[in-house]
Amino acid sequence: MPMLAFRLATPRVLVDLRRVSGLDRIHIGEQGVELGAKVRWRDIERDTRLAVAQPLLAEAVRHIAHYQIRNRGTVGGSLAHADPAAELPAIALTCEAHIVAVGPRGEREIPAAEFFLAPLVTALEPDELIVAMRLSAWPKARRFSFKELSRRLGDFALAGAAVFFDLDERGCMRALHVGAFGVADKPVRLLETEAALNGMRPEPAAVAEAIKLGTSGLEMRSDIHADADYRRALLETLLTRAFDEAMQRSPS
Ligand SMILES: Cc1cc2nc3c(=O)[nH]c(=O)nc-3n(C[C@H](O)[C@H](O)[C@H](O)COP(=O)(O)OP(=O)(O)OC[C@H]3O[C@@H](n4cnc5c(N)ncnc54)[C@H](O)[C@@H]3O)c2cc1C
């Protein structure tokens, strides 16, 4: 719909996937979660098991657009559309999800880090269909936070951040993942921030320094909604709040 509305696509044929069976399955197992391509935002929001099995995903989905869009938008559609400001691609990248695609040459799993190539461009071949997205199991005590800012509730985010980590017995962060969206031409991982903080205690000064390190290497997007300097400042603020919230949240 966004592509049609902006006249970016004028297809001669539209294929409706709604009656293709099996694509609306949500599977929650010990290894992780598999979301079928036709799973809608509303399905995720309403699934109380997902709030426990993938709390970061469940929280992110609540920020997507408004009620009407959340009733219709799908996992496969969002991944294939690859909007740089969309929530699900950012979650896929930050959580190292795999996108399962099927085509005439069979099935393949594409790591999210190799899937999003540019705005609205993915590694999907023209004859491939996304059938699912796979997420690894989420440890119970994992700390996380998801933050974004948009001009009005339900708008695409000007910037957003996803953070998660485990705390070891000394209170040091392990398996830290930091993602951002809305700020560049595709969702990004802040690998310098992760490298600087992994194995460290989340002290505010160290976190602030690591955030600066991560954002300084990003080529920030600039558009009519926000310029690059504003987006950089906004992302740094959101990341600071995300680390704060993740620390304060008691593990489930
Ligand atoms: C007003 C409005 C506000 C929005 N706000 C937000 C927002 O805040 N955050 C956000 O993340 N999203 C937002 N969206 C996007 C929305 O959530 C959907 O992701 C988007 O509209 C795609 O919808 P869809 O899933 O029905 O896919 P479609 O519109 O059916 O498809 C989108 C694209 O993906 C392709 N495609 C669809 N399914 C597959 C598949 N299984 N395999 C391969 N290719 C496929 C289609 O060919 C098409 O190119 C907004 C959309 C609108 C219209």
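This is a predicted model, so every value here is computed, not measured.

### As for the overall build of the protein
Move 1: When its secondary structure is counted, the protein shows eleven helices and eleven strands.
Move 2: A globule of 252 residues ought to have a C-alpha radius of gyration of about 18 Å, and the protein, at 18 Å, matches this closely.
Move 3: Overall, the C-alpha framework of the protein stretches about 55 × 45 × 35 Å when taken along its three principal axes.
Move 4: Taking all 252 residues of the protein together, 38% fall into the buried category.
Move 5: For the protein, the proportion of contacts with a sequence separation of at least 24, taken over those separated by at least 6, is 60%.

### Regarding the site of the ligand
Move 1: Every one of the 22 residues lining the ligand counts as a neighbour, but Ala-65, Gly-73, Gly-76, Gly-77 and Ala-86 are closest to it.
Move 2: Elements that contribute at least two residues to the shell around the ligand include exactly helix 1 (2-5), helix 5 (67-72), helix 6 (75-81), helix 7 (87-94) and strand 7 (129-136).
Move 3: No other element matches the five residues that helix 6 contributes to the shell around the ligand.
Move 4: Within the shell around the ligand, the residues separate by chemical class into 14 nonpolar, six polar and two charged.

### Some thoughts on the sheet that holds strand 9 (residues 159-167)
Move 1: The four strands lie next to each other as 8-9-10-11, forming an open sheet whose pairing is antiparallel. Both edges of this open sheet fall to strand 8 (143-149) and strand 11 (188-189), since each of them pairs with a single strand only.
Move 2: Of the pairings in the sheet, the one linking strand 8 to strand 9 comprises seven bridges and is antiparallel in character. Residue pairing across strands places Phe-144 opposite Phe-164, the latter belonging to strand 9.
Move 3: Running over the sheet, helix 11 (residues 228-248) touches strand 8, strand 9 and strand 10 (173-181) and is turned about 30 degrees from strand 9.

### What about unusual backbone geometry?
Move 1: Even without a glycine there, the phi angle at Arg-7 is positive, about 60 degrees.
Move 2: Here Arg-7 is to be found in the loop between helix 1 and strand 1 (26-28).
Move 3: Even without being a glycine, Ala-175 presents a positive backbone phi close to 50 degrees.
Move 4: Residue placement: Ala-175 occurs in strand 10.

### Topic: helix 10 (residues 204-216)
Move 1: The end-to-end C-alpha separation of helix 10 is 18 Å, in line with the 18 Å expected for 13 residues at 1.5 Å each.
Move 2: Contact partners of the buried residues in helix 10: strand 10, helix 9 (191-197) and helix 11.

### Considering the environment of Trp-41
Move 1: With respect to the helices and strands, Trp-41 occurs in helix 2 (residues 41-46).
Move 2: Once residues lying within four places of it in the same chain are set aside, the contact partners of Trp-41 are Val-61, Ile-64, Arg-70 and Gly-73.

### Observations regarding the pairing of strand 2 (residues 32-36)
Move 1: Pairing between strand 1 and strand 2: three bridges, direction antiparallel. Within strand 2, the residue paired with His-27 across the bridge is Glu-34.
Move 2: Turn length for the strand 1-strand 2 hairpin, with the two strands adjacent in sequence and antiparallel, is three residues.
Move 3: The pairing of strand 2 with strand 7 spans five bridges and is classified as antiparallel. By the bridge assignment, Glu-34 is partnered in strand 7 with Arg-134.

### Quick notes on the packing of helix 10 against helix 11
In a packed pair of helices, the relevant descriptors are the angle between the two axes and the axis-to-axis distance.
Move 1: Where helix 10 meets helix 11, the closest approach of the two axes is 10 Å, and the angle between their N-to-C directions is 140 degrees. Classed by the angle they form, the pair helix 10 and helix 11 counts as oblique. Crossing angle aside, the handedness with which helix 10 passes helix 11 is right-handed. Of helix 11, the residues touching helix 10 (which contributes Val-207, Ala-208, Ile-211, Lys-212 and Thr-215) are Arg-232, Leu-235, Glu-236, Leu-239, Thr-240 and Phe-243.
Move 2: Across the contact of helix 10 with helix 11, the residue classes tally to six nonpolar, two polar and three charged.

### A look at the nonpolar core
Move 1: Membership of the largest hydrophobic core comes to 67 residues, with the highest contact counts inside it found for Leu-56, Ile-91, Ala-92, Ile-99, Met-133 and Val-163.
Move 2: Per-element accounting of this core gives the leading share, seven residues, to helix 11.
Move 3: Among the domains, domain 1 (21-136) and domain 2 (143-248) are the pair contributing at least three residues each to this core.
Move 4: Beyond its immediate chain neighbours, meaning those up to four positions away, Ala-92 contacts Leu-79, Ala-97, Ile-99, Ala-112 and Met-133.

### As for the domain arrangement of the protein
Move 1: By the assigned domains, the protein splits into domain 1 (21-136) and domain 2 (143-248).
Move 2: Centre-to-centre, using C-alpha coordinates, domain 1 lies 21 Å away from domain 2.
Move 3: The interface of domain 1 with domain 2 comprises 22 residues on the first partner and 18 residues on the second.
Move 4: Listing elements by their share of the side of domain 1 that touches domain 2, those giving two or more residues are helix 4 (55-61), helix 7 and strand 5 (116-118).

Parameters at a glance
Residues numbered from 1 in each chain as written. Predicted model: local features only at pLDDT ≥ 70, side-chain atom pairs only at ≥ 80, totals over all residues. Helix = DSSP H or I, 4+ residues; strand = E, 2+ residues; numbered from the N terminus. Rg over C-alpha atoms; globule rule 2.2 N^0.38 Å. Buried ≥ 20, exposed ≤ 12 C-beta atoms within 10 Å, placed from the backbone. Contact = placed C-beta atoms within 7 Å. Near = placed C-beta within 6 Å. Nonpolar A, V, L, I, M, F, W, Y, C, P; charged D, E, K, R; others polar. Pairing = 2+ DSSP bridges. Axes fitted to C-alpha atoms, helices over the stretch in contact; angles between N-to-C directions. Expected span 1.5 Å × (residues − 1). Parallel < 35°, antiparallel > 145°, perpendicular 65-115°, else oblique. Left-handed = near helix turned anticlockwise from the far one by under 90°. Core = buried A, V, L, I, M, F, W, Y, C linked by C-beta atoms within 7 Å. Domains from an automatic or database assignment.

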